[in-house]
Amino acid sequence: MKKRMIPLFLCAALLLSGCGLLQREYTRTSPHSATYYEGSRRDVLRAESYQDLVNDLLLLISAHDESGTVWLYDSPALPDAAQAAQEACDEVLVETPLGAYALERLTYTVDEGGRGYTQLRFTAAYRRTAQQIKAIVHTTSMAALTDLLRAVEQNKGSALTVQVSGFDGSREAVLTAVAAVQQEAGRGEETWQVHFYPDTDSWGIVEIILKE
């Protein structure tokens, strides 16, 4: 059995050194999705491809699980389970919106037992609480994002975190919309902080902090 540590700062360094982002949609999964569980077991996830492995990790994060087991089945496309695990951790930490928003680091162990699959044990350290992850709102348009922000401001909320999909708005468009709502509400003297996850043009989650 071998153990590899994958700290977030290392993954960030890899990204900055030239690792390109995968231009694809990430599959949205449910904590009760039968597709990814191993038979009737609810404590083991299964993966038959690299994308399955990424989706399994996103399942664990969405549930704020601190650890989880994945059985990665033998496949000619994945001859090295340890390499696949490392690449999946790098991708989830740096390139997926949920991972970039929620995670501090991922570690894993590899148990190659010769049973037709490799057992991977993942451990996650979070910088967000389970409540913060559950509070993420999903939207598909700039108009909906603006309406949500207005509602939070009117209800004197402190923050809004939105995950977008099928969204054609740029970072600049979001910043312009936030400034407009802030001015409209007479909050021009305040500083509303806007953070994008991941912090690239391929962001998928935007966090708007109205007050600390």
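For the structure given in this document, a descriptive report is provided here. (Residues numbered from 1 in each chain as written. Predicted model: local features only at pLDDT ≥ 70, side-chain atom pairs only at ≥ 80, totals over all residues. Heavy atoms only, no water.)

Next up on the list: the overall build of the protein. Helices and strands together make up the secondary structure of the protein, namely seven helices and nine strands. Counting over 212 residues, the protein shows a buried share of 45%. In the protein, 67% of the contacts between residues at least 6 apart in sequence involve partners at least 24 apart. When the accessible area of the protein is evaluated, it comes to approximately 11,000 Å², of which 50% is carbon and sulfur surface. (Helix = DSSP H or I, 4+ residues; strand = E, 2+ residues; numbered from the N terminus. Buried < 20%, exposed > 50% of the residue type's maximum accessible area, 1.4 Å probe, protein only. Contact = heavy atoms within 4.5 Å. Areas by Shrake-Rupley, 256 points an atom, 1.4 Å probe, with all protein chains shown as cover.)

Turning our attention to helix H6 (residues 142-154). Between its first and last C-alpha atoms H6 spans 18 Å; for 13 residues at 1.5 Å apiece the expected length is 18 Å, and the two agree. By the burial criterion, the buried members of H6 are Leu145, Thr146, Leu149, Val152 and Glu153. Viewed end-on, H6 has its buried residues packed into an arc of 125°, placing them on one side of the element. For H6, the exposed residues lying more than 90 degrees away from the buried face are Ala143 and Gln154. Check the buried side of H6 and you find it contacts strand S6 (137-139), strand S7 (159-164), helix H7 (171-184) and strand S9 (205-209). Lys156 occupies a position one or two residues after H6 and carries a positive phi of about 60°. (Expected span 1.5 Å × (residues − 1). Arc of directions from axis to C-beta.)

Here we come to the environment of His64. Looking at the secondary structure, you find His64 in the loop between helix H2 (50-62) and strand S3 (67-73). Between the C-alpha atoms of His64 and Ala102, which are 38 residues apart in sequence, the distance is 8.8 Å. Only 3.5 Å separates the side chain of His64 from the backbone nitrogen of Ala130, close enough to count as a polar contact. (Polar contact = N/O pair within 3.5 Å; in protein donor to acceptor, adjacent residues only side chain to side chain.)

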